[in-house]
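These are the residues of each chain, in order.
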Amino acid sequence: MAAMAIMVTGCLSTFLVLQLDEFRPKVGDIVAFKPGSADVDMWQMTIPATLVSTQGSPLAACSLDPNVMADKGGSLIVEGLEDTPAVEYRVHWAGSETNQTTGNCGKSADLLVSRTDLQRLANAAGGFGVENKGIVR
């Protein structure tokens, strides 16, 4: 009975982990920041990012502030996934500046961000996609 319980638990755990993969950002996903949608009281965060060359090699560190990004608008598109040394997403930013203080990534940049940070940016923008998104309070 104990062996059967362990086997069922293992199978169920594997199934659940595979299902969680469905919720990961995918290549082609877009995070759109609607111009003028910044809510300074709600999103007090700075997201670390790494500027990368067109070949994918790291160039410099920079930072993303969702309030600044939403002020004039712009979008991030997921272009790739890098598994080593840690899971990071390669994204392309096009829009306004990304930060008003030091560490601005620029108006157009290829970046590496972690899965957690990409999800935080999507949450700040109201989710993935370009449709009208509102944040319920």
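See the structure above.
Criteria and thresholds
Residues numbered from 1 in each chain as written. Predicted model: local features only at pLDDT ≥ 70, side-chain atom pairs only at ≥ 80, totals over all residues. Heavy atoms only, no water. Helix = DSSP H or I, 4+ residues; strand = E, 2+ residues; numbered from the N terminus. Contact = heavy atoms within 4.5 Å. Areas by Shrake-Rupley, 256 points an atom, 1.4 Å probe, with all protein chains shown as cover. Salt bridge = Lys/Arg side-chain N within 4 Å of Asp/Glu carboxyl O. Buried < 20%, exposed > 50% of the residue type's maximum accessible area, 1.4 Å probe, protein only. Pairing = 2+ DSSP bridges. Axes fitted to C-alpha atoms, helices over the stretch in contact; angles between N-to-C directions. Disulfide = S-S within 2.5 Å. Polar contact = N/O pair within 3.5 Å; in protein donor to acceptor, adjacent residues only side chain to side chain.

Enquirer: Talk me through the overall build of the chain; I want residue IDs and the actual numbers.
Expert: For the chain, the helix and strand inventory stands at 3 helices and 6 strands. Ordered by position from the N terminus, the helices and strands of the chain form the series α-β-β-β-α-β-β-β-α. Counted over contacts in the chain with a minimum sequence separation of 6, partners at least 24 positions apart contribute 60%. Surface summary for the chain: the accessible area is close to 8300 Å², and the carbon and sulfur share equals 60%.

Enquirer: Got a sec to walk through the pattern of salt bridges? Specific residues and values, please.
Expert: Enumeration according to the criterion identifies 2 salt bridges in this entry. Residue Asp-110 is joined to Arg-90 by a salt bridge in which the shortest nitrogen-to-oxygen separation is 3.7 Å. Taken together, the positions of Asp-110 in strand β6 (residues 108-114) and Arg-90 in strand β5 (residues 88-95) put the pair 20 residues apart, joining distant regions of the chain. When sorted by exposure, Asp-110 lands in the same class as Arg-90, which is buried. A salt bridge links Arg-120 to Asp-117; its shortest N-O distance comes to 3.0 Å. Of this pair, Arg-120 and Asp-117 both sit in helix α3 (residues 115-125), 3 residues apart, which is roughly one turn of the helix.

Enquirer: Describe the sheet that holds strand β2 (residues 47-52), with residues and values.
Expert: Here 6 strands make up an open sheet; going across it, the order is β1-β4-β5-β6-β2-β3 and the pairing antiparallel. In this open sheet, the two edge strands, each paired with only one partner strand, are β1 (30-33) and β3 (58-64). Direction aside, neighbouring strands of the sheet carry axes that sit 30° apart on average. Packing of α3 onto the sheet brings it into contact with β1, β2, β3, β4 (74-82), β5 and β6, and relative to β1 it is tilted by some 40°.

Enquirer: Quick rundown of the state of the cysteines? Include the residues and the values.
Expert: Counting across every chain of the model gives 1 disulfide. Each sulfur of the disulfide joining Cys-62 and Cys-105 lies 2.0 Å from the other. Since a negative S-S torsion denotes a left-handed disulfide, the Cys-62-Cys-105 link at about 95° is right-handed. With Cys-62 in strand β3 and Cys-105 in the loop between β5 and β6, the pair connects residues that are 43 residues apart, well separated along the chain. On the accessibility criterion, Cys-62 (7% relative accessible area) is buried. Of the residues examined, Cys-105 reaches a relative accessible area of 6% and is grouped as buried.

Enquirer: Describe the environment of Gln-44, and please don't skip the residues or the numbers.
Expert: Structurally, the position occupied by Gln-44 is in the loop between β1 and β2. For Gln-44 and Ala-124, which are 80 residues apart along the polypeptide, the C-alpha to C-alpha distance reads 9.9 Å.

Enquirer: Quick one: what's the story with the side chain of Asp-117, residue by residue and with numbers?
Expert: We classify Asp-117 as buried; its relative accessible area is 10%. The contact partners of Asp-117, leaving out residues within four places of it in the chain, are Ile-47 and Pro-48.

Enquirer: Explain the side chain of Thr-98 residue by residue, including any values.
Expert: By secondary structure assignment, the location of Thr-98 is in the loop between β5 and β6. In this structure Thr-98 comes out as buried when scored by relative accessible area, which is 0%. A distance of 2.8 Å separates a polar atom in the side chain of Thr-98 from the backbone nitrogen of Cys-105. Not counting residues within four places of it along the chain, the set of residues in contact with Thr-98 comprises Ser-63, Leu-64, Asp-65, Val-68, Met-69, Trp-93, Gly-103, Asn-104, Cys-105 and Gly-106.

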